[in-house]
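# Observations on chain architecture
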Amino acid sequence: MVFYFKARPESGDYTIFMGLDKYENEELIKYGFPEDIWFHVDKMSSAHVYLRLNKGQTFDDIPEGVLEDCAQLVKANSIQGNKVNNVDVVYTPWQNLKKTASMDVGQVSFHNPKMVRTVKVEKRINEIVNRLNRTKVERKPDLKAERESVNAAERAERKQQLREKKRREEMDRLEKERQAEMRSYKNLMVADKMTSNKDIASTNKSLQELEEDFM
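Analysis parameters
Residues numbered from 1 in each chain as written. Predicted model: local features only at pLDDT ≥ 70, side-chain atom pairs only at ≥ 80, totals over all residues. Heavy atoms only, no water. Helix = DSSP H or I, 4+ residues; strand = E, 2+ residues; numbered from the N terminus. Buried < 20%, exposed > 50% of the residue type's maximum accessible area, 1.4 Å probe, protein only. Contact = heavy atoms within 4.5 Å. Areas by Shrake-Rupley, 256 points an atom, 1.4 Å probe, with all protein chains shown as cover. Pairing = 2+ DSSP bridges. Expected span 1.5 Å × (residues − 1). Phe/Tyr/Trp six-rings, centres within 6.5 Å; stacked < 30°, edge-to-face > 60°.

## What about the overall build of the chain?
Looking only at helices and strands, the chain features 4 helices and 9 strands. Counting from the amino terminus, the chain carries its helices and strands in the arrangement β-β-α-β-β-α-β-β-β-β-α-β-α. Counting the 215 residues in the chain, one finds 33% classified as buried. Sequence-distant contacts, at least 24 apart, represent 67% of the contacts inside the chain between residues at least 6 apart. On the chain, roughly 14,500 Å² of surface is accessible, and the fraction owed to carbon and sulfur atoms is 51%.

Encoded structure:
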């Protein structure tokens, strides 16, 4: 089971989601998207909350209001963190999550600690948590199939980009050949023109000499 929430609409169309338990978290870790940002209460047990950004965005582009929504939601879904003030919430891109065979179910670390950011949550804001919970939808997605579908679409896009690149290269090649032929043709015309002028001059001279001979 995965729970989906809608972030505050004035910040854009963003979906926030989290797994029911650590086993769902394991699937979310395994089949995440490059656009996913992972949130967790630092040094405490909590839900794994994800924010799905729009394609092409990075965690530098997270609107401030959406960041607050995610931080409040992950705090509210931490048994210990929900009871105390001034908790730190860490967040990082999904691709920075590191999973090894020796780790427990749902446990992660990071490939690059420098890619992990922290936001402090002073206290729970019920208005935000209640608003998010009103948008809550439960689904049982096939996370593997969703990821494979995205992979297939990305492969098709790369193939299309490669075909387009080859088409542009072929057009450039043909245009260069055409330009070279045009230059060659112009040079040939100039050479022919120069030869004709010499012939005409030679012919005029011969006629004049003939006329003088006749007289």
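## Some thoughts on the environment of leucine 51
Looking at where leucine 51 falls in the secondary structure, it is placed in strand 4 (residues 49-52). Separated by 12 residues in sequence, leucine 51 and phenylalanine 39 place their C-alpha atoms 8.0 Å apart. Those residues in contact with leucine 51 that sit more than four places away from it in its chain are Tyr14, Thr15, Ile16, Glu35, Asp36, Ile37, Phe39, Ile62, Val66 and Cys70.

## Topic: the pairing of strand 1 (residues 2-6)
Summarising burial for strand 1: 4 of the 5 residues are buried, a large majority. For strand 1 and strand 2 (residues 15-19), the ladder comprises 5 bridges, and the chain directions are antiparallel. When the sheet's bridge partners are listed, tyrosine 4 is paired in strand 2 with phenylalanine 17. The pairing of strand 1 with strand 9 (residues 137-139) spans 3 bridges and is antiparallel. In the strand pairing of strand 9, tyrosine 4 is matched with valine 137.

## Digging into helix 2 (residues 64-76)
In this model, helix 2 (13 residues) spans 18 Å end to end at C-alpha, consistent with the 18 Å of a helix rising 1.5 Å per residue. Of all 13 residues making up helix 2, 11 are buried, and the element is well covered by its neighbours. Of all the residues in helix 2, the buried ones are Gly65, Val66, Leu67, Asp69, Cys70, Ala71, Gln72, Leu73, Val74, Lys75 and Ala76.

## Brief notes about the environment of asparagine 54
Relative to the elements of secondary structure, asparagine 54 occurs in the loop between strand 4 and helix 2. Accessibility expressed as a relative area gives 35% for asparagine 54, which makes it partly exposed. Taking the C-alpha atoms as reference, asparagine 54 lies 6.6 Å from glutamate 35; in sequence the two are 19 residues apart.

## Thoughts on the packing of aromatic side chains
The geometry of an aromatic ring pair comes down to the distance between the two centres and the angle between the two planes. All chains considered together, the criterion is met by 5 aromatic pairs. Judged by centre distance (5.2 Å) and plane angle (15°), the ring pair of phenylalanine 39 and tyrosine 91 falls under stacked. Here the residue phenylalanine 39 occupies a position in strand 3 (residues 36-41), and tyrosine 91 occupies one in strand 5 (residues 87-93), the gap between them amounting to 52 residues. You'll find phenylalanine 39 and tyrosine 91 in the same group, each marked buried. Taking the centre distance of 6.2 Å and the plane angle of 75° together, the rings of phenylalanine 59 and tyrosine 91 count as edge-to-face. Placement of phenylalanine 59 in the loop between strand 4 and helix 2 and of tyrosine 91 in strand 5 is noted, with a sequence separation of 32 residues between them.

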